[in-house]
Amino acid sequence: MSGTNQFEPKIVAFVCNWCTYLGADLAGTARLEYPANVRIIRLPCTGRIDTNLVVKAFEIGADAVLVSGCHPGDCHYSAGNYHARRRWMLFRELLDVVGFDTRRLHFTWISAAEGRKFQQTIEEITDKTRALGPYRPYEAQAAPPPSNGAAVQRRAPEPDFAGVKQELRGAARRLLEEGKVKVVIGYGASGPVFITRPEDSDRLEWNENSLANLTVYLKRPEVRALGAAAVVVKGCDERALVVLEQESQFQRENLQVIGVACGGLGQPKCDACDTHQPRFADLTIASAAAQDAAPGDGRYAELERFLEKPREERLAYWTAEFDRCLKCYACRQICPLCYCERCLADKNRPQAIDTSPHRKGNFAWHLSRAMHLAGRCAGCDECTRGCPAGIDLRLLNLALARAAETQFGYRAGMDPAAEEIVGAYSLQDKEDFIR
Amino acid sequence: MQNPYKPDLMEIIGVRQHTADVKSVRLRFKDAERAKEFDFRVGQFGIFSAFGWGESTFNICSSSTWRDHIEFCFRKVGRVTDALWEAGEGDTLGFRGPYGNGYPMDEWRGKDLIFLGGGIAMPPIRCAIWYALENRADYGEITIVYGARTVGDLVYRDELEQWAGHPRVRVVQCVDPGGETPDWKGEIGFVPTVFERAQVAAGNAVALVIGPPIMIKNTIPVLERLGAKMSDVYTSLENRMKCGIGKCGRCNAGPAYVCKEGPVFTFENLRSMPMDY
Amino acid sequence: MSERISKNDLRQRAGEWIAAGKAVAGPVQVKPGTVLYAPLAAADALLLDGWIRPSNSIKEFIFPRHEALYGYRIDGAGITLDDLPAEIPEQIIVGAHPCDASALPILDKLFNWDSRDDFFNRRREATTVITIACTAHDEQCFCTSVGLSPAAERGSDALLVDSGDGNYEVRILSEKGAALFGAAVSGAAVDSIAPDGSALSPAPAAGAPERRFDPAAVAEFAKEHFEDPFWREHALACVGCGACAYTCPVCHCFDIVDEGNPRGGVRARNWDACQFALFTLHSSGHNPRPAQGARQRQRIYHKFFMYPEKFGETLCTGCGNCARNCPVGLGVLPLVSEICHAESV
């Protein structure tokens, strides 16, 4: 028994019913004592453990979290633990970028026969956490705003707009006159326009405000109701279309894709873009300034610079960012890949993610959303541009994009025939972080 | 400091299950002073809490002439009603109210009363029926036509029998075709059809019609044929609510907040309101 | 008599208020490219120029995004409701815009309609609003179309008007303003709306936005064209987020939630928005506003017809935040411009 003044860590263990839970049970029947610091939560399978449960554990005051299940090959449901493993690989990177202390998150495979391993694991985690001290990630000091610095200089947007505009208008007019489509979704003077009559094609524009990812409208019932559509996409937008096609969200033969190969529109994403050229469009209009950009490995430069900061600074940064979140869900609504008819955050049995715009609710939302987009986010950064509070969602997107590329060699939205990384698994997935 | 969002604590003194997913709950104020001073008009509603789960809006379906309790009736459909379903005698719930405009029972004095209800719409009618029966001399002929999809969906069945036993009260129960049981003694048919068959005189009547939109839509022409004016036909609207006091901006049906200018409206009112409910 | 204060002195005063432990907020560049009204940790963070207006409004200091209404505790003895500690700090907002300050008297009406919402009232009383008259506007500003102006005084405790020489002329408009500046009240806030709907307060020399539309015409359209396909067509671009409502100085819709565990927690209110698909969804599955067109209509209807009918105020101050923050460029002005276009055709 520890002294009354000593800190006693609270440890939450999410364990699978068939292996680790029985392993814990065996420890009990074999009279192997393990510290009472652990609270065990039993689930059918590690594959069922949503990452927002882990976040919730930290929200309610856990000092460490253990996630444990059957050894690979032994899953009661065949592959649940493989799915879980892949999810954890991505989740750890996300938590690391956000500045959570990953020393407090443990993963193990413990079988029903391994009562002793369960005992040893709990002892080890308890001792380690006691040494680390209490964990209060939600009480971090928010980083102060930077002193009034100038906005970052971006590569200037391309100058040649008139040519593309004329071609777009012509293409739209033709498609509507020929009755190939009922609506052309394109860029207008101040935002997206929905052209249903050939004579309105002159409302189409192409300029430095042609920023929206118009593929978002494929999920909107009001737009689908208009009938067969043509959509104008830039190279970056088209990647979302590839993911949507991989996920069976639309029929390719029912959609006319008008691609515009652009030279960049002055956004942060344009600097390292290597997907200027739409690859799967029915018609591609090239701007005279279109060209391929800097070499691909500039992609994560911003993230790499951020990761040079110590963990506490990272957490302070994200605390300041998420404290500004209003829960307006502009990030979700503007994202083509957030197309669930009812989002997890809008469900209340149970309320998996608190809807309140307080610190815990905001972290829960953004961490969940990032995980739901892991390996799917096409990097259009519309969420970042759309956020009225200026939250650096782009950096979160980069974190998981880099995890997908370094761990699995995968970039979302590049190959419609490729298998998506979440929802798939490999027997060779790296598990050096799992004991 | 005034906190209009803070509820009164209520003790459950009775729970009654009517159907597979409908219960009614009887409450009394825990605070005796509050119980003494509390009053309401039938037709008003309250916002009931299951603490930790949330609040939900229900009509107060008991008569205002009963001083010892209030009652509400609910269907188990979601997070809050799931929690209310688990509550039993002795448990504590919250109550905020009374809200809304209520039925103009004073204006209805001297009139015949026609009550038409479908399914779970009986509770908001029940309070008016009991009030009228408690003030029997003030009202004329009372006709109640109540129907549901199946026999198993009818609520307050024992009270329907009781009402039929009162002087100058006519009760007609019905179920949709196919919803009857072998021993069903009532009518078979939809409420509007059954009501028309009943040939009720509506010249000196006010009518309270509550039910699903399709039932209301088909009942109006029948009432008109029987001689009722739309300014004498009332309904109680529902809309999604949160605060109940006209501040959260959610429940407006066109220009009217259902929680403030409603929930009771005449059909003449409704005709001038846009379809926003 | 109004006073004068230099920009440096204003900043210094802000520093003194901060040092005295008061909660001071004002425009802050929270990161390059983003200016928000935010608490000031130090006076040099206060942004006095170089920006049209912050992306948010001051309403969050009086009507917070998340506010606990009371606590509840469940134990063997039953359920206890706890009034939460009345910690309403004295607040000073330095550098509000007239389109933000004028929102407060507009909201007063609703929050005191029949029942008093003292959460709102107490914070309002504890807040002193120092407004700086605008010297610039962009194409999204339209305060003059809703009866206001760049120097409107409604809702402000003091109005600072830039005299172009590094100084402001200070008009003390209330006792609170007088107390803060240590000067006499120079005149009650002038109601900026004349009976004919035109602005009363004088516009600064830099020029006010042109009047773009007549709110009464918008109200009439909303009322007469409730079922018009106009709403469906013009809402197609809307993706149904809450950016417009949350950055609007006068939007005030809210949700009430219980948060906690079986032993206790709070019942709180959070901002909500009529643009969300679930806003009016019944538990039966019926939704009176199932499509975005109906929801966009509700926004205009509420702001220009319903609120004026009930309270004699337009629920819009022409700040333009909705259009600036909308990810797809919609907002009150774009939509109302379409209405005017539709009406004139």
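On a predicted model such as this, the values are computed, not experimentally measured, just so you know.

Scoring rules and cut-offs
Think of each chain on its own: its residues are numbered from 1, step by step along the sequence as written. Chain labels run from A onward and ligand labels from 1 onward, assigned in the order the entries are written. Local features in this predicted model are restricted to residues whose pLDDT is 70 or higher, and side-chain atom pairs enter the listing and the counts only when it is 80 or higher, whereas totals over whole chains, interfaces and linings include all residues. Each helix is a run of H or I in the DSSP string that is no shorter than four residues. Each strand is a run of E no shorter than two, and both are numbered from the N terminus. Here the globule rule reads 2.2 Å times residues to the power 0.38, and the radius of gyration is calculated from C-alpha atoms. Whether a residue is buried, exposed or partly exposed is read from the other C-beta atoms within 10 Å of its own C-beta, which are placed from the backbone; 20 or more gives buried, 12 or fewer gives exposed, and intermediate counts give partly exposed. A pair of residues counts as a contact when their C-beta atoms, built from backbone coordinates, are separated by no more than 7 Å. For the purposes of this analysis, a nonpolar core is taken to be any set of buried Ala, Val, Leu, Ile, Met, Phe, Trp, Tyr and Cys residues that are connected through C-beta atoms within 7 Å. Residue ranges assigned to the domains are those given by an automatic or database domain assignment. Whether two strands pair comes down to DSSP finding at least two bridges between them. Whenever a helix is involved, its axis is fitted only over the stretch in contact; in every case the axis is a line through C-alpha atoms, and angles between N-to-C directions fall within 0 to 180 degrees. What a helix should span is 1.5 Å times the count of its residues minus one. For this classification, under 35 degrees means roughly parallel, over 145 means roughly antiparallel, 65 to 115 means roughly perpendicular, and everything else is oblique. Residues are grouped as follows: Ala, Val, Leu, Ile, Met, Phe, Trp, Tyr, Cys and Pro are nonpolar; Asp, Glu, Lys and Arg are charged; every other residue, Gly included, is polar. In this scheme the crossing of two helices becomes right-handed for a clockwise turn of the near helix relative to the far one and left-handed for an anticlockwise turn of less than a right angle.

Further remarks concern the overall build of chain A. Across its full length, chain A carries 14 helices and nine strands. The C-alpha atoms of chain A give a radius of gyration of 25 Å, which matches the 22 Å a tight globule of 435 residues would have. Split into buried and exposed, the 435 residues of chain A put 50% on the buried side. A fraction of 77% describes how many contacts in chain A between residues 6 or more apart in sequence connect residues 24 or more apart.

Our next topic: the nonpolar core. Judged by nonpolar contacts, the single largest core of 320 residues is most densely connected at Val65, Ile185 and Leu400 of chain A together with Ala128 and Ala207 of chain B. When residues of this core are assigned to their parent elements, the largest contribution, nine residues, is made by helix α14 (residues 393-408) of chain A. Aside from chain neighbours lying at most four places away, what touches Ala207 of chain B is Ile114, Leu116, Ala202, Leu223, Ala228, Asp232, Val233 and Tyr234 of chain B.

This next bit is on helix α1 (residues 20-29) of chain A. Residue and element names in this part refer to chain A. Of all ten residues that make up α1, seven are buried, and the element is covered over most of its length. Buried within α1 are the following residues: Thr20, Tyr21, Leu22, Gly23, Ala24, Leu26 and Ala27. For α1, the elements touching its buried residues are β1 (11-16), β2 (38-43), β3 (64-69) and α4 (115-132). Residue Arg31 follows α1 closely and has a positive phi angle near 60°.

The next point concerns the domain arrangement of chain B. All names here are of chain B. If you check the domain split of chain B, you get domain 1 (8-99), domain 2 (112-233) and domain 3 (237-277). If you average the C-alpha positions of domain 1 and of domain 2, the two centres end up 24 Å apart. Taken together, the 15 residues of domain 1 in the interface contact 13 residues of domain 2.

Right, let's talk about the interface of chain C and chain A for a bit. Chain C puts 39 residues into the contact, and the matching count from chain A is 36 residues. If you list the elements that add at least two residues to the side of chain C that touches chain A, you get β2 (23-31), β3 (34-39), α8 (243-247), β10 (254-261), β11 (264-271) and α9 (292-311) of chain C. At four residues, the largest contribution of residues to the side of chain C that touches chain A is made by β2 of chain C.

Okay, the environment of Met306 of chain C next. Its place among the elements puts Met306 of chain C in helix α9. For Met306 of chain C and Ala222 of chain C, which are 84 residues apart along the polypeptide, the C-alpha to C-alpha distance reads 9.5 Å. Setting aside residues up to four positions removed in sequence, Met306 of chain C forms contacts with Asn252 and Pro255 of chain B together with Tyr301 of chain C.

This brings us to the sheet that holds strand β9 (residues 167-172) of chain C. All names here are of chain C. With mixed pairing, the seven strands of this open sheet are ordered in space as β1-β9-β8-β7-β6-β2-β3. Each edge of the open sheet carries a strand with a single partner, namely β1 (3-6) and β3. Taken over all neighbouring pairs, the strand axes of this sheet differ in orientation by 30° on average, direction set aside. The pairing of strand β7 (residues 127-132) with strand β8 (residues 158-162) spans three bridges and is classified as parallel. Note on β8: the bridge partner recorded for Ile132 is Leu160. Strands in contact with helix α1 (residues 7-19) are β1, β2, β6 (91-96) and β9; relative to β1, the strand with the most contacts, it is inclined by about 85°.

A separate point is α14 of chain A. When the terminal C-alpha atoms of α14 of chain A are compared, their 22 Å separation across 16 residues agrees well with the 22 Å that a helix rising 1.5 Å per residue should span. For α14 of chain A, the elements touching its buried residues are α3 (80-98), α9 (301-307), α11 (330-333), α12 (359-372) and α13 (382-386) of chain A.

What follows deals with the packing of helix α6 (residues 215-224) of chain C against α9 of chain C. Residues and elements named next belong to chain C. At their nearest, the axes of α6 and α9 sit 9 Å apart, and the two run at 105° to each other. Classified by the angle their axes make, α6 and α9 are roughly perpendicular. Residue-level inspection shows Pro215, Val218, Ala219, Ala222 and Lys223 of α6 in contact with α9, the latter providing Ile300, Tyr301, Phe304, Phe305 and Pro308.

The subject of this paragraph is the domain arrangement of chain A. Residue and element names in this part refer to chain A. Its domain assignment divides chain A into domain 1 (11-139), domain 2 (162-286) and domain 3 (307-408). Taking the mean C-alpha position of each, domain 1 and domain 3 sit 24 Å from one another. Contact residues are listed per partner, giving 15 residues for domain 1 and 21 residues for domain 3. Listing elements by their share of the side of domain 1 that touches domain 3, those giving two or more residues are α2 (51-59) and α3. Among the elements that make up the side of domain 1 that touches domain 3, the one with the highest residue count is α3 (seven residues). Each residue belonging to the side of domain 1 that touches domain 3 can be placed in one class, and the counts come to nine nonpolar, three polar and three charged.

With that settled, the discussion passes to the environment of Arg250 of chain B. Examined against the element boundaries, Arg250 of chain B turns out to sit in the loop between β12 (233-236) and β13 (252-253). On the neighbour-count criterion, Arg250 of chain B (21 C-beta atoms within 10 Å) is buried. Each C-alpha atom of the pair Arg250 of chain B and Gly46 of chain B lies 16 Å from the other, and the pair is 204 residues apart in sequence. When neighbours within four sequence positions are excluded, Arg250 of chain B is seen to be in contact with Arg240, Met241 and Lys242 of chain B together with Cys253, Phe279 and Thr280 of chain C.

Now for the packing of α2 of chain A against α12 of chain A. Residues and elements named next belong to chain A. At a minimum axis separation of 10 Å, α2 and α12 run at an interaxial angle of 160°. With respect to α12, the element α2 is oriented roughly antiparallel. Of the two elements, α2 crosses α12, and the hand of that crossing is right-handed. Across from Thr51, Asn52, Val55 and Glu59 in α2, the residues of α12 making contact are Lys360, Phe363, Ala364, Leu367, Ser368 and Met371.

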